[in-house]
Amino acid sequence: MKRANGVRVARAAVVSVIPAELALVVCGAAGVRPPGWALALVEALVLGVLLLEAWVLRSLYAAARARGARPGEAWRAAVRQTVPAPVRRLVLHELRACAALGRWLLRRPPHGVRAGDLAAGYTGPQTAMMYGLLFVSVIETAALAVLIPWPAVHRVVLVLDVYGILIVLAMHAACVTRPHVVGPDGSLRIRYGALFDLTVPPEAVASARVDRRYPEGRLVTLSDDGVLDLIVGSQTTVTLELTHPLPFTRPLGARAAARTVRFHADDPRALVAALRQPASP
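Residues numbered from 1 in each chain as written. Predicted model: local features only at pLDDT ≥ 70, side-chain atom pairs only at ≥ 80, totals over all residues. Heavy atoms only, no water.

Undergrad: Now, about the environment of Glu-203: what can you tell me, with residues and values included?
TA: Considering the arrangement of structural elements, one finds Glu-203 in the loop between strand S4 (196-200) and strand S5 (205-213). What makes Glu-203 exposed here is its relative accessible area of 57%. Distance in space between the C-alpha atoms of Glu-203 and Leu-242 is 8.8 Å, their sequence separation being 39 residues. (Helix = DSSP H or I, 4+ residues; strand = E, 2+ residues; numbered from the N terminus. Buried < 20%, exposed > 50% of the residue type's maximum accessible area, 1.4 Å probe, protein only.)

Undergrad: Any chance you could break down helix H7 (residues 268-276) for me, citing the residues and the numbers?
TA: Every buried residue of H7 is accounted for by Pro-268, Leu-271, Val-272, Ala-274 and Leu-275. Looking down the long axis of H7, one finds its buried residues gathered within 160° of arc, a one-sided arrangement. Residues of H7 that are exposed and point more than 90 degrees away from the buried face comprise Arg-269 and Arg-276. As for H7, its buried residues are in contact with strand S1 (118-120), strand S2 (180-182), strand S3 (188-192), S5, strand S8 (236-249) and strand S9 (255-263). (Arc of directions from axis to C-beta. Contact = heavy atoms within 4.5 Å.)

Undergrad: I'd like a rundown of the pattern of salt bridges, residues and numbers included.
TA: Counting across every chain of the model gives six salt bridges. As a salt-bridge pair, Arg-114 and Asp-117 come within 3.6 Å of each other at their nearest N and O atoms. When the shortest N-O distance is used, the salt bridge between Asp-211 and Arg-209 registers 3.9 Å. Salt bridges linked by common partners bring Arg-209, Asp-211, Arg-213 and Glu-241 together as one network. (Salt bridge = Lys/Arg side-chain N within 4 Å of Asp/Glu carboxyl O.)

Undergrad: Any details on the nonpolar core? Residues and values, ideally.
TA: Among the nonpolar cores identified, the biggest contains 34 residues, and Ile-190, Phe-196, Val-200, Leu-240, Val-261 and Phe-263 are the most heavily contacted of them. Of all the secondary structure elements, the ones that give two or more residues to this core are helix H5 (124-147), helix H6 (151-177), S3, S4, strand S7 (227-230), S8, S9 and H7. Looking at this core, the element that brings in the most residues is S8, giving five residues. By size, the runner-up hydrophobic cluster in this structure holds six residues, among which are Leu-101, Ala-170, Ala-173 and Ala-174. (Core = buried A, V, L, I, M, F, W, Y, C linked by side-chain atoms within 4.5 Å.)

Undergrad: Give me the pairing of S7: which residues, what numbers.
TA: Covered by surrounding structure in S7 are Val-227 and Asp-229 together with Leu-228 and Leu-230, the residues of both alternating faces. Note: strand S6 (residues 220-222) against S7, three bridges, orientation antiparallel. The residue of S7 that forms the bridge with Val-220 is Leu-230. Counting the residues in the hairpin turn of S6 and S7 gives four residues, including Gly-226, whose phi is positive at 85°. One ladder, built from four bridges, connects S7 with S9; its direction is parallel. Within the sheet, the bridge partner assigned to Asp-229 lies in S9 and is Arg-262. (Pairing = 2+ DSSP bridges.)

Okay, here's the thing in structure tokens:
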């Protein structure tokens with residue numbers, strides 16, 4: 001009971017402290033100087049939360065080890081109980097994106113593409129926007145370095161800005177190095193960077209056609225009638241009809257099912273042709 005209360009308190013502390021830290025950063029960026037006691041209080045709270053998280057993790061790890069779990073299994077169980085699933089998935093997405101950035105810079109082959117597969121890129125509509133966002137982020141970092149006079153706030157903002165630039169590059173690299181993949185047997189892997197990955201077996205494909213649309217909504221949008229839109233640059237170019245509802249996982253871990261999938265490919269005709277004419281065994 002006491003351990004369960006500790007887990008709930010640790011989760012609540014993370015939720016309450018992070019907005020306070022971000023509020024101070026926003027104040028600094030807006031030119032409002034927070035009082036010294038506020039900075040000291042927030043930093044003390046952050047340190048306290050980190051210590052609390054460490055204590056809860058250690059307690060859960062020790063309990064799992066006492067039940068006979070191996071060290072790796074014990075740590076994974078402790079993290080699952082302490083850190084909410086959406087946070088774990090976001091961290092995993094970012095780690096995969098950073099790995100994709102390394103793959104992109106080293107010019108390694110695309111991820112998950114084997115001999116005989118067709119790799120279909122989908123970054124065309126968003127490339128200019130990504131580089132534009134990167135340019136704005138660099139300019140903002142340089143401007144804030146000059147405008148913010150308080151060293152503590154300046155360091156926090158600098159770390160956040162550099163991290164933001166890294167994430168923008170990593171997201172684009174993940175999309176470049178993780179294309180859609182059509183297998184020789186007619187299977188299809190629909191992806192968006194490290195955020196979305198749906199494998200469609202050949203027997204689940206009823207039909208595929210080139211179909212340019214401009215839907216509104218977020219990256220992954222599911223309608224009430226089971227139409228899944230994976231939107232890139234406010235458009236989709238391929239419509240895939242399925243023989244039965246196919247389950248998929250949203251970026252933050254929620255599960256759903258789709259009867260129709262609409263997604264973007266830079267060369268939709270080549271992708272559709274590959275799906276319609278799988279290689280002979």
